[in-house]
Amino acid sequence: MSTDYGKDQIAALQEKAKRHLWLHFTRMSSYAENEVPVIVRGEGNYVFDQHGKRYLDGLAGLFVSQIGHGRAEVAEAGARQAAQLAYFPLWSYAHPQAIDLAERLASKAPGDLNRVFFTSSGSEAVESAWKLAKQYFKAIGQHARYKVLSRSIAYHGTSLGALAITGLPGIKEPFEPLPAGGVRVPNTNFYRAPEFVADDETAFGVWAADEIERAIQREGEESVAAVFLEPVQNSGGCFPPPPGYFQRVREICDRYGVLLVSDEVICAFGRLGYYFGSERYGYQPDIITFAKGVTSGYAPLGGMLVSDRLMEPFTSHHGPDITAGMHHHLHGAETAGQHTFLHGVTFAGHPVSCAVAMANLDVFEKEDLLGNVRASEAAFRATLEKLHDLPIVGNIRGDGYFYGIEMVKDKASRETFNDEESERLLRGFLSPALFDAGLICRADDRGDPVIQLSPPLTCTQEQFTEMEQILRSVLTEAWTRI
Ligand SMILES: Cc1ncc(COP(=O)(O)O)c(C=O)c1O
């Protein structure tokens, strides 16, 4: 496949991009004087830009490309499916690809999570989980439960419902008022733990979990529907759970009848060495939301896995019909008196995406990618931890193939950068310098400034070393510019 771009073609792409394309979460004005980075091809753990320059994909695109790039067999599975049946909705119909994938995901999911509701993205998965929680509680007569708890600085998506769960004030403020009911609890950044638990991670975890209980009590226990937590919180820079944290959260949720939603849009499908992050940390969610790695990005797909217990009110033939007046069904499967989850999107469980997901999971099995992550994660950590000798590196944290490096102005006091320094350091220097040096990763200052790494699960020591070397040289240079 030729992806060589000539000079004229490159110039034309630049002009068209600047004139017509609107990049997400991007300050477009920053491209007025600079070239828009254009990625044209991927191969394994690397991608190539329009000039043919190679980059190590240290972020798996956007926490997506678990199996790496350029897998012909996965692409071909999608093409075959498009030729056979490109599209049919999951609105009262099914197709074999969604059926097979639902069965396969259910067989891998922890405990009693047995039922898959597909979406086309992570935000939709998160919104679906909130909507299911709301309708479920109405269906069982607990009408006041609608609030959702989530952690400070956590990212759960950007559509308005998901944004109400997201805990990043900066990206919410322009869109307020948001749907009511989002409540924040503390995150598990042990590096920034309150002083009274700063030297005991277990005690810190107890405190952070108990803050969920206190929030439930404060809000009114009859009003809280669900708690949304990532196994390892991405935003803020990879906060793994303190020991015992999720076990205690599970107990609290059970005590108050609140649903525990494990938002695994990033952490599922091998990111932490398991199909699901909750498996790694040994807790049982009521709902798992997923997206990204389920297809490794060869086509878009998301969804939620729920227990039969949550489905029960929707399978019962008894009780009040909350769908009264809504019988514009397509196929007549729905009958009066039967409950229906009143939610759907056109491209959910798209046949091509489901076929691609099956082929993706075949690669996981054939190449034992979970085994590779479990066998290699200690080496990944040890390689990154070499960076501790740099004065700017305050903390390195994460699990599996998922790490955050927090940068500080003063290692001893853990003093962070002010807004102006952070702007100069991250946007002005680090992001372009890392890219120029051939490493795709993310310099993020939505919490304290961090660099996020989340490479394909196929990476080995060769890539760990490459990441460490590029980070070492760029972070060394950054320190001289503060
Ligand atoms: C934990 C989590 N939830 C939800 C989302 C939203 O997913 P999407 O961008 O597919 O809507 C993301 C995206 O990064 C995420 O990391």
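Heads up: these notes are all about the structure in this document.

Reading guide: rules and limits
Residues numbered from 1 in each chain as written. Predicted model: local features only at pLDDT ≥ 70, side-chain atom pairs only at ≥ 80, totals over all residues. Heavy atoms only, no water. Helix = DSSP H or I, 4+ residues; strand = E, 2+ residues; numbered from the N terminus. Buried < 20%, exposed > 50% of the residue type's maximum accessible area, 1.4 Å probe, protein only. Contact = heavy atoms within 4.5 Å. Areas by Shrake-Rupley, 256 points an atom, 1.4 Å probe, with all protein chains shown as cover. Lys, Arg positive; Asp, Glu negative; His and termini not counted. Charge placed at Lys NZ, Arg CZ, Asp CG, Glu CD. Salt bridge = Lys/Arg side-chain N within 4 Å of Asp/Glu carboxyl O. Pairing = 2+ DSSP bridges. Axes fitted to C-alpha atoms, helices over the stretch in contact; angles between N-to-C directions. Near = heavy atom within 4 Å. Polar contact = N/O pair within 3.5 Å; in protein donor to acceptor, adjacent residues only side chain to side chain. Phe/Tyr/Trp six-rings, centres within 6.5 Å; stacked < 30°, edge-to-face > 60°. Lys NZ or Arg CZ within 6 Å of the ring centre and 35° of its normal. Expected span 1.5 Å × (residues − 1). Core = buried A, V, L, I, M, F, W, Y, C linked by side-chain atoms within 4.5 Å.

Describing the overall build of the chain
Part 1 of the reasoning: Helix and strand counts for the chain stand at 15 helices and 15 strands.
Part 2 of the reasoning: Counting only C-alpha atoms, the chain reaches 70 × 60 × 45 Å along its principal axes.
Part 3 of the reasoning: Buried residues in the chain amount to 54% of all 482 residues.
Part 4 of the reasoning: Counting only contacts in the chain whose residues sit at least 6 apart along the sequence, the fraction spanning at least 24 positions is 69%.
Part 5 of the reasoning: Per element, the accessible surface of the chain, about 20,700 Å² overall, is 54% carbon and sulfur.
Part 6 of the reasoning: The chain carries 45 positive and 61 negative side-chain charges, and their two centres are separated by 2 Å.

Things to note about the pattern of salt bridges
It is possible for side chains bearing opposite charge to pair when their charged atoms get close.
Part 1 of the reasoning: Going through the model one piece at a time under the given rule, you end up with 30 salt bridges.
Part 2 of the reasoning: Residue Arg-381 pairs with Asp-399 through a salt bridge whose shortest N-O separation is 3.5 Å. Here Arg-381, found in helix H13 (residues 369-385), pairs with Asp-399, found in strand S11 (residues 393-399); they are 18 residues apart in sequence, far enough to count as distant.
Part 3 of the reasoning: If you follow the salt bridges from partner to partner, you end up with Arg-280, Glu-377, Arg-381, Glu-385 and Asp-399 in one network.

Section: the sheet that holds strand S7 (residues 224-229)
Part 1 of the reasoning: Pairing is mixed across the open sheet formed by seven strands, whose spatial order is S4-S10-S9-S8-S7-S5-S6. Whereas interior strands pair on both sides, the edge strands pair on one side only; in this sheet they are strand S4 (113-119) and strand S6 (182-185). Each adjacent strand pair in this sheet contributes to an overall mean axis angle of 25 degrees, direction not counted.
Part 2 of the reasoning: Pairing geometry for strand S8 (residues 259-263) and strand S9 (residues 287-290), over three bridges, is parallel. By the bridge assignment for S9, Val-261 is matched with Ile-287.
Part 3 of the reasoning: Running over the sheet, helix H11 (residues 308-315) touches S4, S8, S9 and strand S10 (302-307) and is turned about 90 degrees from S10.

As for the site of the ligand
Part 1 of the reasoning: With respect to spatial proximity, the complete set of residues near the ligand consists of Ser-121, Gly-122, Ser-123, Tyr-155, His-156, Gly-157, Glu-230, Asp-263, Val-265, Ile-266 and Lys-292.
Part 2 of the reasoning: Gly-122 is positioned such that a nitrogen or oxygen atom in its backbone is 2.8 Å from an oxygen atom of the ligand.
Part 3 of the reasoning: For the ligand, whose free accessible area comes to 390 Å², the fraction covered by protein is 84%.

Brief notes about the packing of aromatic side chains
Part 1 of the reasoning: For the structure on display, the rule yields 19 aromatic pairs.
Part 2 of the reasoning: Taken together, the ring pairs connect Phe-190, Phe-196, Phe-204 and Trp-207 into an aromatic cluster.
Part 3 of the reasoning: Sitting over the ring of Phe-48, Arg-41 keeps its end group 4.0 Å from the ring centre.

Some thoughts on helix H8 (residues 201-219)
Part 1 of the reasoning: The first and last C-alpha atoms of H8 sit 27 Å apart over 19 residues, in line with the 27 Å expected at 1.5 Å per residue.
Part 2 of the reasoning: For H8, the full list of buried residues reads Phe-204, Gly-205, Trp-207, Ala-208, Ala-209, Asp-210, Glu-211, Ile-212, Glu-213, Ala-215 and Ile-216.
Part 3 of the reasoning: Taken together, the buried residues of H8 touch strand S5 (147-151), S6, S7 and helix H9 (245-256).
Part 4 of the reasoning: Where H8 terminates, the next one or two residues include Gly-220, which has phi positive at roughly 100 degrees.

Let's talk about unusual backbone geometry
Part 1 of the reasoning: The omega angle of the peptide bond from Glu-176 to Pro-177 is 5 degrees, so this bond is cis rather than trans.
Part 2 of the reasoning: Even without a glycine there, the phi angle at Phe-269 is positive, about 55 degrees.
Part 3 of the reasoning: Note on placement: Phe-269 falls in the loop between S8 and helix H10 (277-281).
Part 4 of the reasoning: The exposure class assigned to Phe-269 is buried, which follows from its relative accessible area of 1%.
Part 5 of the reasoning: The phi dihedral of Arg-414 falls on the positive side, at around 65 degrees, and the residue is not glycine.
Part 6 of the reasoning: Among the secondary structure elements, Arg-414 is positioned in the loop between strand S12 (402-407) and helix H14 (419-436).
Part 7 of the reasoning: According to the relative accessible area criterion, Arg-414 is partly exposed, its value standing at 37%.

Looking at the sheet that holds strand S2 (residues 46-49)
Part 1 of the reasoning: Ordered in space as S1-S2-S3-S13, the four strands form an open sheet in which the pairing is mixed. Edge strands, defined here as strands with exactly one partner in the open sheet, are strand S1 (39-43) and strand S13 (439-440).
Part 2 of the reasoning: Each of S2, strand S3 (54-57) and S13 touches helix H15 (residues 461-479); the most contacted strand, S3, lies at about 105 degrees to it.

Remarks on H14
Part 1 of the reasoning: Across its 18 residues, H14 extends 24 Å between first and last C-alpha, which sits within 8% of the 26 Å expected from 1.5 Å per residue.
Part 2 of the reasoning: If you check which residues of H14 are buried, you get Glu-421, Ser-422, Leu-425, Leu-426, Phe-429, Leu-430, Ala-433 and Leu-434.
Part 3 of the reasoning: A side-chain oxygen of the first residue of H14 lies 3.1 Å from the backbone nitrogen of Glu-420; this N-cap is Asn-418.
Part 4 of the reasoning: Phi turns positive one or two residues past the end of H14, at Gly-438, with a value near 95 degrees.

Focus: the nonpolar core
Part 1 of the reasoning: Leu-105, Phe-118, Phe-269, Leu-430 and Leu-471 are the most contacted members of the largest nonpolar core, which has 68 residues in total.
Part 2 of the reasoning: Here this core takes eight residues from helix H12 (residues 351-366), the largest share from any one element.
Part 3 of the reasoning: Not counting residues within four places of it along the chain, the set of residues in contact with Leu-105 comprises Val-116, Phe-118, Phe-269, Phe-276, Phe-290, Val-294, Leu-305 and Leu-361.

A word on the environment of Ala-75
Part 1 of the reasoning: By the element assignment, Ala-75 lies in helix H3 (residues 72-85).
Part 2 of the reasoning: Residues Ala-75 and Tyr-298, spaced 223 residues apart in sequence, show a C-alpha to C-alpha distance of 6.6 Å.

Don't take any of this as a statement about function, it's just geometry.
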